[in-house]
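# Commentary on secondary and tertiary structure
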Amino acid sequence: MSTSGTHVPTSYAAAPTRTVTADGVSYAYRELGPRGGVPVVFFHHLGANLDNWDPRIIDALAKEHHVITFDNRGLGASTGAVPGSIGAMADDAATFIRALGFDKVDIFGFSLGGMVAQELVGKHPGLARKLILAGTGPRGGKGLDKVARVTYLDVLRAALVRADPKEFLFFNRNAAGKQAAQAFIERLQERTAGRDRPVRIRAFRTQLKAIRDWGRAEPADLSAIRQPTLIANGDHDRMVPSNLSMDLHRRIAGSELVMYADSGHGGIFQFHGQFIPVAVEFLNR
C-alpha cells in the first residue's frame, strides 16, 4: 500500500490518494473520518473518478463515519481494464474491500454504483451491512437500456455550449436546476492538488454497454436484499427514470424512499442540505 501523504486530512479536498493492490490490480482510493466501526464505501457513477464525489456529502458523513471512495478496476488511477458486466464490477469492488481488510461495510451507490451495489449484495451477501441507493434502478428495469442514448445526447448538448455534461445529465434545465448545477460543478473543483486521472473513453463506453446489458437482463429478485436500504432520487430523473427508484422501494422489503421535488438524477447533490441528515441518521441506527 502506498500513500501520497501522511497527514490526517480534515476534508475530502485534502485527502491523499492511496493505493492497494489485489489480484494484480492497483486500486486508487481516498479515506476520511474516524477509523473503527463499519466503514462507508462509495461506489461512483458512469464515467466518474475520485474527484466526482460531492465534497459536501463526503465531509458531512465523515464527521462520524470512516468514509472510503475508490476507483474500480480500469477507472481513474486504478489499473487494469473496466470489465464488461456489472456483475464483474461487483466482484472487483468486493476484492478491493477485502484487500483493505474489511469483512463488513456500508455501501453508498450512486447511479451505476447503485447497480454495482445490488449485484454485490447478490454475489457477496455477507459483505454489506446497509445500502444507500441513489439515482439508480434494478436489473431489468424499464428504460435502463436507454441510458446510453440519453447520455450521448446530453454530452453533445453540453459540448455545444462548452458546459460539463453533468449539468445536463444530473440537473433540470430550469432556473433552480441550472443554479444547482453550477454550484455542484464548482464544489467538484475545490480539490486543486493531486487530482485523479480522467476516465478513458474506452472505459466510459464499456460502462455504458454494461448498463445497457444489465437493463435488458432478466429482472433481479430484490426480495433477496435483506439489508436496511435507503433509496433516494429526484422526481424528474431523465437518466435513470425516477419510477425505478420507486420500483426498488416497492420490491426491497423495509426500504425507505426519499424523493426530491423539481430535481433530476443529481437530486441528492441539489438538495444535499436535506439529504445529509437523512443519510447520517440512517447510518447511525
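We now turn to the structure provided with this report. Bear in mind that the values here come from a model prediction, so they are computed numbers and not experimental data.

Because an α-helix completes one turn every 3.6 residues, residues spaced three or four positions apart along the sequence face the same direction. If you check helix α4 (residues 147–160), its first and last C-alpha atoms are 20 Å apart, about what 14 residues at 1.5 Å a residue would give, namely 20 Å. What α4 keeps buried is the set Val147, Ala148, Val150, Thr151, Asp154 and Ala158. One side of α4 carries all its buried residues, which in axial view fall inside an arc of 160°. Away from the buried face of α4 by more than 90 degrees, exposed residues Arg149, Ala159 and Leu160 are located. Looking at the packing, one finds that the buried side of α4 touches α5 (166–169) and α7 (201–216). Downstream of α4 by a residue or two, arginine 162 has a phi angle that is positive, lying close to 55°.

Once that is clear, we can look at unusual backbone geometry. The phi dihedral of serine 111 is positive, around 60°, even though this residue is not glycine. By secondary structure assignment, the location of serine 111 is in the loop between β6 (105–110) and α3 (112–123). Phi is positive for aspartate 262, close to 55°, though the residue is something other than glycine.

Our next topic: the packing of α3 against α7. For the pair α3 and α7, interaxial distance at closest approach is 11 Å and the crossing angle is 55°. Judged by the inter-axis angle, α3 sits oblique to α7. Crossing geometry of α3 relative to α7 is assigned as left-handed. Residues Leu112, Met115, Gln118 and Glu119 of α3 touch α7, and the partners they reach there are Gln207, Ile211 and Trp214. In terms of residue class, the contact of α3 with α7 is built from four nonpolar, two polar and one charged.

Moving on: the pairing of strand β2 (residues 18–22). Here β2 shows one buried face, formed by Arg18, Val20 and Ala22, and one open face, formed by Thr19 and Thr21. Counted along the chain from β2 to the antiparallel partner strand β3 (residues 25–32), the turn is two residues long, and its residue aspartate 23 has a positive phi close to 50°.

Time to look at the packing of aromatic side chains. Scanning the model with the defined rule gives 17 aromatic pairs in all. Where phenylalanine 110 meets phenylalanine 170, the ring centres are 5.5 Å apart and the plane angle is 85°; that geometry is what we call edge-to-face. With phenylalanine 110 in strand β6 and phenylalanine 170 in the loop between α5 and α6 (175–188), this residue pair connects regions lying 60 residues apart in the sequence. Seen from their ring centres, phenylalanine 170 and phenylalanine 269 are 6.2 Å apart, and the 25° between their planes marks the pair as stacked. Here phenylalanine 170 is found in the loop between α5 and α6, whereas its partner phenylalanine 269 is found in helix α9 (residues 267–270), with 99 residues between them in sequence. Across the pair, exposure class does not vary: phenylalanine 170 and phenylalanine 269 are buried alike. In this structure, lysine 130 is placed above the aromatic ring of phenylalanine 282, and the distance from its NZ or CZ to the ring centre is 5.2 Å.

The next subject is the layout of surface pockets. Put simply, the largest pocket is a space of about 420 Å³. As for the largest pocket, its lining consists of 22 residues, and the residues nearest its centre are Leu46, Gly47, Val155, Pro165 and Phe204. When residues of the lining of the largest pocket are traced back to their parent elements, those giving at least two are α4, α5 and α7. In this model, the second largest pocket occupies a volume close to 210 Å³. In terms of residues, the lining of the second largest pocket owes the most to one element, α3, which gives five residues. Tallied by class, residues from the lining of the second largest pocket come to seven nonpolar, three polar and five charged.

Before going further, it helps to spend a moment on the nonpolar core. Core analysis: the largest hydrophobic core is formed by 89 residues, its most contacted members being Phe43, Phe96, Phe108, Leu120 and Phe275. The biggest single contributor to this core is helix α2 (residues 86–99), with seven residues. Setting aside chain neighbours within four positions, we find phenylalanine 275 in contact with Ile57, Phe108, Ile132, Leu230, Ala232, Tyr260 and Ile268.

Looking now at the pattern of salt bridges. Tallied over the entire structure, the rule returns 21 salt bridges. Where glutamate 119 meets arginine 139, a salt bridge forms, and the shortest distance between an N and an O atom there is 2.9 Å. Of this pair, glutamate 119 sits in helix α3 while arginine 139 sits in the loop between β7 (128–134) and α4, placing them 20 residues apart in sequence. The shortest N-O distance in the salt bridge between aspartate 154 and arginine 238 comes to 2.7 Å. Here the residue aspartate 154 occupies a position in helix α4, and arginine 238 occupies one in the loop between β8 (229–234) and α8 (242–251), the gap between them amounting to 84 residues. You can call aspartate 154 buried: its relative accessible area is 0%.

Here is what the cut-offs are and how they apply
- Residues numbered from 1 in each chain as written.
- Predicted model: local features only at pLDDT ≥ 70, side-chain atom pairs only at ≥ 80, totals over all residues.
- Heavy atoms only, no water.
- Helix = DSSP H or I, 4+ residues; strand = E, 2+ residues; numbered from the N terminus.
- Expected span 1.5 Å × (residues − 1).
- Buried < 20%, exposed > 50% of the residue type's maximum accessible area, 1.4 Å probe, protein only.
- Arc of directions from axis to C-beta.
- Contact = heavy atoms within 4.5 Å.
- Axes fitted to C-alpha atoms, helices over the stretch in contact; angles between N-to-C directions.
- Parallel < 35°, antiparallel > 145°, perpendicular 65-115°, else oblique.
- Left-handed = near helix turned anticlockwise from the far one by under 90°.
- Nonpolar A, V, L, I, M, F, W, Y, C, P; charged D, E, K, R; others polar.
- Pairing = 2+ DSSP bridges.
- Phe/Tyr/Trp six-rings, centres within 6.5 Å; stacked < 30°, edge-to-face > 60°.
- Lys NZ or Arg CZ within 6 Å of the ring centre and 35° of its normal.
- 1 Å grid on protein atoms, 1.4 Å probe; cavity = no way out; pocket = protein on both sides within 12 Å on 5 of 7 lines; lining within 4 Å.
- Points joined across faces, edges and corners; volume = space filled by probe spheres on them.
- Core = buried A, V, L, I, M, F, W, Y, C linked by side-chain atoms within 4.5 Å.
- Salt bridge = Lys/Arg side-chain N within 4 Å of Asp/Glu carboxyl O.

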